[in-house]
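Geometric and topological summary
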Amino acid sequence: MAEPYVIKMPQLTDTMTEGVLVSWEKAVGARVERGDVVATIETDKAIMDVEVFRSGYLAGPLAEADSVLPVGEAIGYITDSAAATVVAPAAAGTPEPAPAAVSLPEGYAVKMPQLSDTMTEGVLVSWEKSLGDKIQRGDVVATVETDKAIMDVEVFREGYLSGPLVVADAVVPVGEPIAWLVASPEQVQRDSAAASTGMAGKASSVHGPATPVIATMPALVSGTHPAPRPQQGAASPFARQLAGQQGVDLNRLRGSGPAGVIVAADVLAAGGDTAPAASTRPSEPAVPGNGRAMTAIERAITQAMVASLSIPVFHVTVRARPEALIRAAKAHQISVTVAIAKAASQALGKHPLVNAAYQPTDKIVERGQHDIGIAATTEDGGLVVPVLRGVEGKGLDQLQAEWTPLVEKARKRRLSPSEYTHPTFTISNMGMYGIAQFDAIVTPGTAAIIAIAGNGPEGMPITITADHRVVNGAEAALFLKDLKQAIEHPEAWLASTGPVIPEGNYDVQVLVIGAGPGGEDCARELVENGVKTAMVNNAPLPGGECLWRGCIPSKAWRAAADHIRDREHDAAMGLSFGKPSLDWVRLEQHRRGILQTRGEMALKTDQGMKIQVLEGYARFTGDHSVEISGKDARTLTFGACVIATGAPAFVPPIPGIQEALKSGAAVTSDTVWDLKQPPKRLCVIGAGAIGMEMAQMFHDFGAEVRVLEALPRPVAEMEKEIAEQLMKAIAHNSPRLQVLTDVKVAGVTGQVGQLAVRYQIGEEAATYNCDLLLVATGKRPDTSGLNLAAAGVTLGERAAIATDATGRSNVPHIYAVGDVIGGYMLAHTASQQGRVAAANLLGHNSVRYDAAKDCGVTFTRPQCAFVGLSLEQAKAAGIGAVEVKVPMSIDAKAMMTGETDGLIKMVADKVSHRIVGVHFLADHADTLVGEAVLMVSAGLTLEQVAEAIHPHPTQTELFGEMARRLLSRLRRSVKAGG
């Protein structure tokens, strides 16, 4: 490097025109390697790293911290020598002369975009705009060919399209100019130039000449992992990635880079000669004739095949009869391809190692999600592998809806990177071409691929090619055995065509016990499909705990408390309405009116849908019969039954607590609704969702509140940092509310209005005197009145009925849903489980409840909410997950309303980029979580959320911001070899 290398202010977003130099991460004279972060800058959206991709020594003059610099301006320099720590800016900044044949206009360079993490170059396929055309923001000006697809090139500036234009079919490195935008028609140049003659190089995004690029690197193959760092010396991140792809041992190379660093050129020069013995191959003989250049997709396939040579593989074949699967696919109006993918997912669920991958060095990545790549032929005879993501958790209708546009885009080679990268398992089907048998090639990032040949007299050959480092022969054989079973007997997992309710001379086809959200939704789903259904409810009106003792009444109180709390922000906005006062009688009239109205509405709907609603208590007398006591007493026989009886409040065995409950000095979440007035001093035992909601509400109503929690943190069901930040927000905003954790309650004494609660924290004993005690220690199922033994139904942990993901108990025709089965004791969870049970009774036995996509809101202030998995949960499930978070304090809408406490976290799979969880602490999390639910339940990727247009100023903007930040971090991690 004869001339110093200029470190410029990078353009990190399309709208960025300048940046603030926040800090230097390296000092003048420090040794800098490729991929090092030398500084941080603040863009119009975030604080981000400045990486360099040259080796050398950091030299000045350095831009000062807090200085504002235009994009492309020098902020520092890199020199060959540690002694040259000061550079004359004029000399260092002098651009190299451009080739005489090319005259570059004053304007904005339209560059070859990087459309996937592994893309290093692209082919200019066509120009969609002509020289001199007026260009608007977002216009597509050209199409380029990557290693997998033909994609659009959009611009985000206005101007007129000018030359020199790169000619069609030219190969251009990523980041190099393919055209220019100029300010006026008079400035348009009408030249053309091939990329190899001088268009590529160090072109400024503002103006200036360019230098040619002499060599291009091969495209990296998605899913490959970098080679281990050499035992001595260093290697650039790109060199490590290339070495991992080509099986080159870096320990046997001598680096040609500065200070002996191994660079990509060293790996290319070594070829396969330095690879371990298992990956060596003979040199290829010279071939006479004039060869044409490979297309991008042909080069990508070549690289993938070379990389596959380093994988120790074996092959196992089985023959399966596909006729039943073909008939079932036709009956359900899905393609056989989708049916095979779902069958493969059934077998992968039993043999997860087949869905895993080898990771250098000596690691195995296990994946819970089944992202199945299926080879498809393009219109021009090429081959691409679109990926059906999350096959294990989706129904056939959804998979077909996703596959139809995927395969159409694949034929036209219009797939986006998120639609073809990082499968966890692959299927190649050449049976449609009459091929009798073949072997497929497993590529890095997967442990197995199956090759499906044409059906013959002995069946359809299915051959697995497996990576022996991950999958042994016995595992592969068992996988094929289960795959053969899934293909030949699809009725075991495909949605069937009719109900599975036992037939017989029963009073009703299905009996539902309990009329809360789970029971009511189940019964409604059944009668909508023509099933004669009765529902037994132990109260005059349906609704269950959610309506009468939980969600609805508590949020009526919460709404009143919120209006009181909101007055705290009035003064900051220049408003004055006086101190709010609470009329408890009016509030209770309002609350009770809501409950009565909704209960009557629900009953009218149930009866209108022809559900036989019975009031009373049901008790099993056999596995197909119950006895009902109460208003509608009778005996009843049924074909199938769904138990949805909920769970009452749990009261721990604390000395004196039962006496306090009987006298009315203490209440539970079931009995708190009978209060004649709010307490002045309240003690709450339990800091779960119920305890924390009630504690804050009564605090807002004017009470002094103390919460005693046995666990180390409150709302333990929420993500750890969310709970911790909630504690800080409460301590800051709620002076009369104290939350104590790691507490052991010793006893309760006293009478109505005068209670003493004794407790201990560590070695310290204390007493809290209050006029009311709320016991909020959760709920626990109580099935003692059901006489489950008569029906043969067994219990699982914590007295809950044991069920599978469909709601089925150990008795095949008896299901249970909602709080009575444990897990998330939430109204919407019960509703979903009720619908799942109904679907399975109707014969759709591929429908499952998936707790990994469930959600919840705790109506504290700020509110806690979640959907999907936390980072910790995702890693425990075998997902290589990463997270990004953003504080509410940077959000414009939160600043306007004075609600800046809290944060939002997004969790995603760093391979597939699928969003698997979002977690909130925010004042309006109950409205924000809805969009996050759709992200997780639909399996959206970071790219899809990043590209979605969110309105401004709203807090939903934060989803797009987080997705873009995490994508940026993942891209930088890939570049750095992480």
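How each quantity is defined
- Residues numbered from 1 in each chain as written.
- Predicted model: local features only at pLDDT ≥ 70, side-chain atom pairs only at ≥ 80, totals over all residues.
- Heavy atoms only, no water.
- Helix = DSSP H or I, 4+ residues; strand = E, 2+ residues; numbered from the N terminus.
- pLDDT = per-residue confidence, 0-100.
- Contact = heavy atoms within 4.5 Å.
- Phe/Tyr/Trp six-rings, centres within 6.5 Å; stacked < 30°, edge-to-face > 60°.
- Buried < 20%, exposed > 50% of the residue type's maximum accessible area, 1.4 Å probe, protein only.
- Lys NZ or Arg CZ within 6 Å of the ring centre and 35° of its normal.
- Polar contact = N/O pair within 3.5 Å; in protein donor to acceptor, adjacent residues only side chain to side chain.
- Pairing = 2+ DSSP bridges.

Description of the environment of glycine 456
Tracing the backbone through its elements, the reader meets glycine 456 in the loop between β27 (448-452) and β28 (460-467). On a C-alpha basis, the gap between glycine 456 and glycine 434 in space is 9.6 Å, while along the polypeptide they are 22 residues apart.

Here we look at the confidence of the model for the protein chain
Atomic detail in the predicted coordinates should be set aside for any region of low pLDDT. This prediction gives the protein chain a mean pLDDT of 84; 86% of its residues lie at or above 70. In this model residues 194-223 is a low-confidence stretch, pLDDT under 50, and it forms 105 contacts with partners more than four residues away in sequence or in other chains. Note on residues 272-282: pLDDT is under 50 here. Beyond four places in sequence and across chains, it has 17 contacts.

Structural notes on the packing of aromatic side chains
Under the counting rule described, the total for this entry stands at nine aromatic pairs. Taken together, a centroid distance of 5.4 Å and an interplanar angle of 45° make the contact between tyrosine 824 and phenylalanine 866 tilted. Residue tyrosine 824 is located in the loop between β43 (814-816) and α17 (827-841), and its partner phenylalanine 866 is located in strand β45 (residues 863-868); the two are separated by 42 residues in the primary sequence. Tyrosine 824 sits in the partly exposed class, given a relative accessible area of 26%. Chaining the aromatic ring pairs together yields one cluster made of Trp557, Trp584, Trp673, Phe698 and Phe701. The positively charged end of arginine 31 is found above the aromatic ring belonging to tyrosine 57, 5.1 Å away from the centroid. Note that arginine 469 overlies the ring of tyrosine 358, its terminal NZ or CZ placed 3.8 Å from the centroid.

Concerning the side chain of arginine 558
Positionally, arginine 558 belongs in helix α11 (residues 551-566). Of the polar contacts made by the side chain of arginine 558, one reaches the backbone oxygen of phenylalanine 859; its length is 3.3 Å. Residues in contact with arginine 558, not counting those within four places in the same chain, are Glu693, Gln696, Met697, Asp700, Phe859, Thr860 and Arg861.

Thoughts on the pairing of strand β48 (residues 915-922)
Extensive coverage of β48 is indicated by the burial of eight of its eight residues. By the bridge criterion, six bridges tie β45 to β48 in an arrangement that is antiparallel. Bridge pairing links alanine 865 to phenylalanine 920 in β48. Sheet topology places strand β47 (residues 903-909) next to β48; six bridges connect them, and they run antiparallel. Looking across to β48, one finds that methionine 906 is bridged to valine 918.

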